[in-house]
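As a plain string of letters, each chain reads:
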Number of protein chains: 2
Amino acid sequence: MNTVSPELVYPEAPRRARGRPRKTADERDDGNRRVELVHAAARLFRRKGFDGTSTRDIATAVGMHSGSPFYHFKSKGALLHAVMDEGMRSAILRQTLALQGAAQARPDAAALLHVLIRSHFDVLLGPGSDFISVMLYESRSITAKQRSALAQLQGDYEAVWEPVLQTLHKQGRLQCPVKLARLLIFGALNWSVQWFDAKKGASLDELADAAMALFIGEAPPVPARRVRS
Amino acid sequence: MNTVSPELVYPEAPRRARGRPRKTADERDDGNRRVELVHAAARLFRRKGFDGTSTRDIATAVGMHSGSPFYHFKSKGALLHAVMDEGMRSAILRQTLALQGAAQARPDAAALLHVLIRSHFDVLLGPGSDFISVMLYESRSITAKQRSALAQLQGDYEAVWEPVLQTLHKQGRLQCPVKLARLLIFGALNWSVQWFDAKKGASLDELADAAMALFIGEAPPVPARRVRS
DNA sequence: CCTACCGATCGGTAGG
DNA sequence: CCTACCGATCGGTAGG
């Protein structure tokens with residue numbers, strides 16, 4: 001019922017071209033807003049679920065108004081995918097760094113598994129864990145196309161474990177079939193998101209040691225280098 | 001805009017007292033409708049999540065109209081709790097039966113663990129698995145009061161594992177601290193809901209054997225009795 | 001258990 | 001990025 005002409009209500013509309021932000025000085029600002037949105041989405045999707053979070057919740061969390069997230073993302077689903085993609089890339093990066101950090105000690109297979117497990121706990125439970133939690137527990141809500149794009153990254157992440165488990169299996173230190181071992185091990189680790197409490201109970205180092213004891217049944221031969229958390 | 005009086009539109013309203021179904025011949029029918037609703041809710045909550053399922057979805061699945069589920073349940077949340085409660089009670093029953101079935105073979109701790117694991121896979125992946133899946137993956141959506149009621153049942157279910165793991169730990173067959181071992185083992189098993197495909201890959205028996213090999217590192221001394229699935 | 005409905009909220013969009 | 005808005009859908013209820 002607003003009969004006032006738009007010009008009077010909004011007399012000083014910015015002259016910026018619509019739909020295409022400038023690529024010069026303020027490009028960084030736009031990027032930061034995008035990152036802020038993904039961060040807020042990760043936290044809310046984790047706490048309340050994808051379907052339980054409204055785009056208004058996300059907008060409010062970064063100080064925007066209800067329609068503004070759609071300036072940065074074309075849909076709520078695109079935001080979810082951005083969260084998951086960030087989670088997987090971060091996980092792969094940390095895993096790579098952890099392996100590089102351990103390489104000079106010439107670790108055997110058991111020590112490598114320890115490094116992978118410790119890094120995985122860091123990804124799951126350390127800072128930034130919202131992203132990978134959403135990746136793991138909200139996969140129902142992504143489209144088939146998004147799912148296959150993420151499956152590629154998941155494949156990269158998991159591929160690193162394969163030769164390590166193969167070696168342990170051949171050595172007789174892992175009696176479980178390798179394919180099932182990987183699935184069961186990931187389950188044991190991923191489930192920690194449900195019960196881990198940083199303020200009490202075991203540390204991430206203790207968790208990794210316990211997992212090694214459970215799966216391999218012996219302490220790792222090389223005292224594992226601690227991952228910064 | 002309907003100006004026709006209700007009496008003309010709905011001239012033959014049943015005389016049944018409102019809000020209190022008769023407790024005689026048709027009591028069983030009412031119970032069946034309730035059970036149907038819980039069943040449909042379990043299937044839909046599992047496939048689409050609690051927040052992704054509307055009460056209309058559930059009503060349609062059992063051939064009711066949109067408002068009718070609220071004749072049987074006072075809220076959507078009450079339906080969720082009913083699903084979870086049924087899931088836990090069924091799990092406890094199956095676990096009890098599995099242990100009773102194995103008792104006459106005088107199983108040692110490793111054989112008992114095998115029975116527990118096999119029964120747990122049956123609960124997670126066999127018929128009726130929707131209930132426990134919802135219990136495991138939709139816990140975010142229940143109220144604090146409901147949560148504590150379910151925690152009691154979960155405690156009962158988990159308590160059975162404790163002495164078994166304790167014994168294995170003392171025997172040196174489980175080197176992981178018992179408390180963490182239970183959490184990690186449950187994770188390994190519960191995660192199978194995410195990847196298990198009944199139509200390909202391992203059977204539930206093979207899964208249980210693989211899990212035993214991973215956690216204990218040896219075949220169970222007593223050939224395990226198969227759980228009916 | 002159906003009918004008819006309500007207030008609230010949701011994802012998303014046009015226009016500036 | 002805000003304003004103003006839309007159509008759709010949601011959980012739940014009164015009354016019979």
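Since the structure is predicted, the reported quantities are computational estimates derived from the model, not experimental observations. (Residues numbered from 1 in each chain as written. Chains lettered and ligands numbered in written order. Predicted model: local features only at pLDDT ≥ 70, side-chain atom pairs only at ≥ 80, totals over all residues. Heavy atoms only, no water.)

K.L.:
Give me the overall build of chain A: which residues, what numbers.
P.N.:
Across its full length, chain A carries 12 helices and 0 strands. For chain A, the α and β elements follow one another from N to C terminus as α-α-α-α-α-α-α-α-α-α-α-α. Every one of the 229 residues in chain A was classed for burial, and the buried ones make up 43%. Counted over contacts in chain A with a minimum sequence separation of 6, partners at least 24 positions apart contribute 73%. Carbon and sulfur atoms form 53% of the exposed surface of chain A, whose accessible area is close to 12500 Å². (Helix = DSSP H or I, 4+ residues; strand = E, 2+ residues; numbered from the N terminus. Buried < 20%, exposed > 50% of the residue type's maximum accessible area, 1.4 Å probe, protein only. Contact = heavy atoms within 4.5 Å. Areas by Shrake-Rupley, 256 points an atom, 1.4 Å probe, with all protein chains shown as cover.)

K.L.:
Could you give me a rundown of the interface of chain B and chain A, with the residues and numbers involved?
P.N.:
Contacts between the two partners involve 34 residues from chain B and, on the opposite side, 34 residues from chain A. Summed over both sides, the interface of chain B with chain A buries roughly 2800 Å², with 70% coming from carbon and sulfur. For chain B, the biggest contributors to the area lost against chain A are B:Leu184, B:Trp191 and B:Leu214; these three give 27% of the whole. Inspection of the chain B/chain A interface yields 2 salt bridges. In this structure, the salt-bridge partner of B:Glu138 is A:Arg140, at a minimum N-O distance of 3.1 Å. Between the two partners, chain B and chain A, sit 6 residue pairs in polar contact (both at pLDDT 80 or more). When contributions to the side of chain B that touches chain A are tallied by element, the ones reaching two or more residues are α2 (27-48), α7 (129-137), α10 (178-190) and α12 (204-215) of chain B. No other element matches α10(B), which puts 7 residues into the side of chain B that touches chain A. (Buried area = accessible area lost by both parts, 1.4 Å probe. Salt bridge = Lys/Arg side-chain N within 4 Å of Asp/Glu carboxyl O. Polar contact = N/O pair within 3.5 Å; in protein donor to acceptor, adjacent residues only side chain to side chain.)

K.L.:
Residues and numbers for the environment of A:Ala198, please.
P.N.:
Residues and elements named next belong to chain A. Relative to the helices and strands, Ala 198 is located in the loop between α11 (192-195) and α12 (204-215). In this structure Ala 198 comes out as exposed when scored by relative accessible area, which is 66%. When the C-alpha positions of Ala 198 and Leu 125 are compared, they lie 8.0 Å apart, and in sequence the two are 73 residues distant.

K.L.:
Provide a residue-level description of the relation of the copies chain B and chain A, including the pertinent values.
P.N.:
Mapping between the two chain copies consists of a rotation about an axis together with a translation along that axis. For these two chains of identical sequence, chain B goes onto chain A by a turn of 180° and a shift of 0.0 Å along the axis, with RMSD 0.0 Å. Such a turn and shift between the copies fits a two-fold axis. Among all residues of chain B, the minimum C-alpha distance to the rotation axis is found for B:Ala188, at 2.0 Å. (Least-squares fit on C-alpha atoms with pLDDT ≥ 70 in both.)

K.L.:
Kindly report on α10(B), identifying the contributing residues and their values.
P.N.:
All names here are of chain B. End to end, α10 covers 18 Å across 13 residues, agreeing with the expected 18 Å (1.5 Å per residue, within 8%). Burial within α10 is extensive, with 12 of its 13 residues counted as buried. Listed as buried for α10 are Val 178, Leu 180, Ala 181, Arg 182, Leu 183, Leu 184, Ile 185, Phe 186, Gly 187, Ala 188, Leu 189 and Asn 190. (Expected span 1.5 Å × (residues − 1).)

K.L.:
Go over the environment of B:Arg147, please, and point to the residues and values.
P.N.:
Residues and elements named next belong to chain B. Secondary-structure assignment places Arg 147 in helix α8 (residues 144-159). When the C-alpha atoms of Arg 147 and Thr 96 are compared, they prove to be 23 Å apart, with 51 residues separating the residues in sequence. When near neighbours in sequence (up to four residues on either side) are disregarded, Arg 147 contacts Ser 139, Arg 140 and Ile 142. A polar contact of 3.2 Å, which involves the side chain of Arg 147, links it to the backbone oxygen of Ser 139. At 3.3 Å, the side chain of Arg 147 forms a polar contact with the backbone oxygen of Ile 142.

K.L.:
Could you give an account of the pattern of salt bridges, with specific residues and numbers?
P.N.:
Residues and elements named next belong to chain A. Tallying each qualifying case throughout the model produces 23 salt bridges over all chains. Among the ionic pairs, Asp 122 bridges to Arg 118, the shortest N-O distance being 4.0 Å. Highlighted residues: Asp 122 and Arg 118, both in helix α6 (residues 109-125), separated by 4 residues, approximately one helical turn. Take Asp 122 and Arg 118: they sit in the same class, and that class is buried. Beyond isolated ion pairs, a larger network of salt bridges with shared partners links Arg 94, Arg 118, Asp 122 and Asp 205.

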